[in-house]
Amino acid sequence: MRHRLRRTVAVLLAAFLLTATLTAPAGAATSAGFDDWTCKPSAAHPNPLVLLHGLGGNGPGNYSYLGPFLAAKGYCAFTLTYGQATPEIPVGGTVSIEQSSHEIAAFVQRVRQATGAAKVDIVGHSEGGFQSVYGPKVRGYAGQVGTVVALAPPTHGTTFGGLVSVGDYLGLRPLVDQVLRQFGCPACDELIVGGSAVAKLTRGPIAQPGVKYTMIASRFDALVTPHETSFIREPGVTNEYVQDTCPLDTVGHVGLAFDPTVAQLVANALDPAHAQPVVCAFGPPL
């Protein structure tokens, strides 16, 4: 009797597994993940994400919160550390904007080739936000970009020159100081008001046809000032302050990449058709 029951259970289990295999949806071979190069985009999120860090930081550190958050939403998300003055020190973004933009353009192609996607979406923070709008315009790959979400980019230049701050929050300050002593910071000079990279970006329209842009800033940002400098007042661009949604969130410049409020704003900007309510939280006030 026990043998017959065990055999019946085995047959039913086999039948269940066979049915599950035969009825699996066409997208079952897709996956989601953060810096997983085997990841295959789903029909729901066909554009993989390229995540661009801020000046003085690096990809894995800057996106240690937002990267896994977006992967959990079903995205294939990838980051890199661009603009390193030397490969031995994991601090990026200090070299010239032009040099970094070439690295980022090559990375966009790598992500597209690895995933088979026609386009990527870009999420950038601080200098990475600047690069997210600079690359499609100046490097000319706007046709390969669907959506850009930029967190506090110094789009029109910042009046504050000490842009190297992401490294502080990530515990990289000694390495940042070493890089600055040895190699300087060309990007810092290029991102202030009147800087050469700012002049190149803002000469003519910034927003490119076919790309959707969302610029997110904080009224408590002490680094990229004036706060309005982040915004692009052109058709096809959404500009918003975190405090428009959550007035009590005093998140600072670096904290934008580590704030649950901002994370949901980013997710909603990437997929507005399935936007979810934002539960107000508090990001780091740095």
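Values in this document were obtained by computation on a predicted structure and should not be read as measured data.

(A) How the structure looks around the pairing of strand 6 (residues 212–217). When you tally the buried positions in strand 6, you get five out of six residues, the bulk of the element. The sheet contact formed by strand 5 (residues 145–151) and strand 6 spans five bridges and is parallel. Looking at strand 6, one finds that Thr-147 is bridged to Lys-212. In terms of strand pairing, strand 6 meets strand 7 (residues 237–241) through five bridges, oriented parallel. Following the sheet pairing, Ala-217 is matched in strand 7 by Tyr-241.

(B) Inspection of the pattern of salt bridges at higher detail. Taken as a whole and assessed by the stated rule, the structure comprises four salt bridges. A salt bridge links Lys-200 to Glu-98, with the nearest nitrogen and oxygen atoms 3.6 Å apart. With Lys-200 in helix 9 (residues 196–202) and Glu-98 in helix 4 (residues 97–115), this residue pair connects regions lying 102 residues apart in the sequence. Look at Lys-200 and you get partly exposed, because its relative accessible area is 34%. Salt bridges sharing partners connect three or more residues here, namely Glu-98, Arg-139 and Lys-200.

(C) Focus on the nonpolar core. In this structure, Val-50, Ile-122, Phe-130, Val-133, Tyr-213 and Met-215 are the most contacted members of the largest nonpolar core, which totals 41 residues. Ranked by residue count, the leading element in this core is helix 4, at six residues.

(D) Main features of the side chain of Ser-96. Assignment of secondary structure puts Ser-96 in the loop between strand 3 (76–79) and helix 4. In this structure the side chain of Ser-96 is engaged in a polar contact, spanning 3.1 Å, whose partner is the backbone nitrogen of Gln-99. In contact with Ser-96, not counting residues within four places along its chain, are Pro-186, Ala-187 and Glu-190.

(E) Representation of the sheet that holds strand 2 (residues 49–52) in the model. Ordered by their spatial adjacency, seven strands build an open sheet running 1-3-2-4-5-6-7, and the pairing between neighbours is parallel. Each edge of the open sheet carries a strand with a single partner, namely strand 1 (33–34) and strand 7. Alignment of strand 4 (residues 120–125) against strand 5, held across five bridges, turns out to be parallel. Opposite Val-123, over in strand 5, you have Val-149 as the bridge partner. Here helix 11 (residues 260–270) sits on the sheet and contacts strand 2, strand 4, strand 5, strand 6 and strand 7; the angle it forms with strand 5, its principal contact strand, is near 160 degrees.

About the thresholds
Residues numbered from 1 in each chain as written. Predicted model: local features only at pLDDT ≥ 70, side-chain atom pairs only at ≥ 80, totals over all residues. Heavy atoms only, no water. Buried < 20%, exposed > 50% of the residue type's maximum accessible area, 1.4 Å probe, protein only. Helix = DSSP H or I, 4+ residues; strand = E, 2+ residues; numbered from the N terminus. Pairing = 2+ DSSP bridges. Salt bridge = Lys/Arg side-chain N within 4 Å of Asp/Glu carboxyl O. Core = buried A, V, L, I, M, F, W, Y, C linked by side-chain atoms within 4.5 Å. Polar contact = N/O pair within 3.5 Å; in protein donor to acceptor, adjacent residues only side chain to side chain. Contact = heavy atoms within 4.5 Å. Axes fitted to C-alpha atoms, helices over the stretch in contact; angles between N-to-C directions.

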